[in-house]
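# Secondary and tertiary structure notes
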Amino acid sequence: MKVAITTSSFAKFSDEPLRLLREAGMEYVLNPTGRAITEDEAIELLQGCIGVAAGTEPLTRRVMQALPELKVISRCGTGMDSVDRAAATELGIAVRNTPDAPTQAVAELTLGYALDLMRLVSRMDRELRAGTWKKRMGNLLAGKKVGLIGFGRIGRATGKLFEAFGCEVAFADPFAESDTNAKMEMDALLAWADIVSLHCSKPEGGGYILDERRLGLMRPGTWVINAARGGLIDEAALHALLASGHLAGAALDVFAKEPYEGPLRDLPSVILTPHIGSYAVEARVKMETDTIRNLLDALPK
């Protein structure tokens, strides 16, 4: 039996995931492009495969219907936006993901963004490299009000890190409860927070979580962080509020279209990274190993 591995950097830091496949007697093919593949490329690469260790490529109904032997989609990560789960159910394809592996990596990255935004580290680094020696006055993270949109595994882990720095943490999530952190309605949370950080999925009906109206609810001087999903924020509206100075800064790891080439790159108050939330060695190895274990467990017996 053969499986495909479509993530572009799979097993770079440990051979353990591939060893599990070899021990199970599985052949495997790797993504040769070094990037996320297209629908047509997925159809070509996955021919004859019973399973796929999937990245963020679009696994649509069209792709699945072109792959009659496919029985398992095992996502290397938490997000399932790229998988047509309804089509998978209809076609008898099992779908799995790795919700636990990237939790600490994304939470720590979010905290790192906040510290960077508060003390303007990236901004002064860029200026110094360009020949400008200028000391900019920043802010303390301690004492800030942090509003988390989404309070699942990653949201909760992130909240604990912020609390350790002396922040007051509240959240908006219709499906979550907490004994310690305040639960607020979305609009109230946005008007209350000094820092707004997203840890949620895309709305089922489409649209933005933070559209122009909701971004406008934030008080002057608010910071925005998104290390969750691309397409959650109206990037044009965010750009306008940052450029006007209404928002103090933003840190974004994910974008509606990737690679990102938009105008947020031109704003000095913005930190941009190329979708690296899970890119910590320890987290990546666990995520890839869990992906293969999920795939093997879900194969028809």
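Residues numbered from 1 in each chain as written. Predicted model: local features only at pLDDT ≥ 70, side-chain atom pairs only at ≥ 80, totals over all residues. Heavy atoms only, no water.

An unreviewed UniProt entry lists the protein under the name Phosphoglycerate dehydrogenase, with Nitratidesulfovibrio oxamicus as the source organism. UniProt, in its Sequence similarities (unreviewed entry) section for the protein, records the words "Belongs to the D-isomer specific 2-hydroxyacid dehydrogenase family." (UniProt positions renumbered as here; feature names shortened; annotations may be inferred.)

Once that is clear, we can look at helix α11 (residues 281-298). Helix length check: α11, at 18 residues, gives a terminal C-alpha distance of 26 Å against a target of 26 Å (1.5 Å per residue), a fit within 8%. Burial in α11 covers these residues: A283, R284, M287, E288, T289, D290, T291, I292, L295 and A298. Tucked into the core, α11 has its buried residues touching β1 (2-5), α1 (16-23), β3 (51-54), β4 (72-75), β5 (94-96) and α5 (103-119). (Helix = DSSP H or I, 4+ residues; strand = E, 2+ residues; numbered from the N terminus. Expected span 1.5 Å × (residues − 1). Buried < 20%, exposed > 50% of the residue type's maximum accessible area, 1.4 Å probe, protein only. Contact = heavy atoms within 4.5 Å.)

Successive residues of a regular strand alternate their side chains across the two faces of the sheet. With burial as the criterion, each face of β4 is covered, one bearing V72 and S74 and the other bearing I73 and R75. Alignment of β3 against β4, held across four bridges, turns out to be parallel. Along β4, the bridge assignment pairs A54 with R75. Both β4 and β5 contribute to a ladder of three bridges, which runs parallel. Looking at the pairing, S74 lines up with R96 of β5. After leaving β4, the chain enters helix α4 (residues 85-90) and then returns to the sheet as β5, a path that is right-handed. (Pairing = 2+ DSSP bridges. Right-handed = clockwise from strand over helix to strand, strands pointing away.)

All right, on to the pattern of salt bridges then. When charged atoms on two side chains of opposite charge get close, those side chains can pair. For the coordinates displayed, the defined rule picks out 18 salt bridges. Its salt-bridge partner being E288, residue R284 comes within 3.3 Å of it at the nearest N-O pair. Residue R284 and its partner E288 are located together in helix α11, separated by four residues, close to a single helical turn. Across this residue pair, the class does not change: R284 and E288 are buried. Across the pair D290 and K286 runs a salt bridge, and its minimum N-O distance is 3.1 Å. Of this pair, D290 and K286 are both found in helix α11, four residues apart, which corresponds to roughly one turn of the helix. (Salt bridge = Lys/Arg side-chain N within 4 Å of Asp/Glu carboxyl O.)

Overall, parallel pairing links the seven strands, which are arranged β8-β7-β6-β9-β10-β11-β12 in an open sheet. Strands with a single pairing partner mark the edges of an open sheet, and in this sheet they are β8 (182-183) and β12 (270-272). Pairing of strand β6 (residues 145-149) with strand β9 (residues 195-198) involves four bridges; the strand directions are parallel. From the neighbouring strand, G147 faces β9, where its bridge partner is V196. The strands that helix α7 (residues 153-164) touches are β6 and β7 (168-172); relative to β6, the one it contacts most, it runs at about 175°. (Axes fitted to C-alpha atoms, helices over the stretch in contact; angles between N-to-C directions.)

The final tally for this structure, using the stated rule, is two aromatic pairs. Relative to F171, the ring of F151 lies with its centre 4.0 Å away and its plane at 10°, an arrangement referred to as stacked. Placement of the pair is F151 in the loop between β6 and α7 and F171 in strand β7, with a sequence separation of 20 residues. There is no split in this pair, since F151 and F171 are both buried. Between F255 and Y260, the aromatic rings sit 4.6 Å apart at their centres with planes inclined by 20°, giving stacked as the arrangement. Overall, the relative accessible area of 16% leaves Y260 in the buried class. (Phe/Tyr/Trp six-rings, centres within 6.5 Å; stacked < 30°, edge-to-face > 60°.)

Look at the UniProt record and you will see "domain: D-isomer specific 2-hydroxyacid dehydrogenase NAD-binding" (unreviewed entry) annotated at residues 112-277. Counted over residues 112-277, helix gives 30% and strand 18%. Its end C-alpha atoms are 11 Å apart.

What follows concerns the side chain of E288. Overall, E288 belongs to the buried group, its relative accessible area being 2%. Those residues in contact with E288 that lie beyond four places of it in its chain are S9, F10, A11, P17 and C76.

A few words now on the environment of L215. Tracing the backbone through its elements, the reader meets L215 in helix α9 (residues 212-216). Linking L215 and E282, residues 67 residues apart in sequence, is a C-alpha distance of 35 Å. Apart from the residues within four sequence positions on either side, L215 is in contact with L210, I233, D234, A237, L238 and L241.

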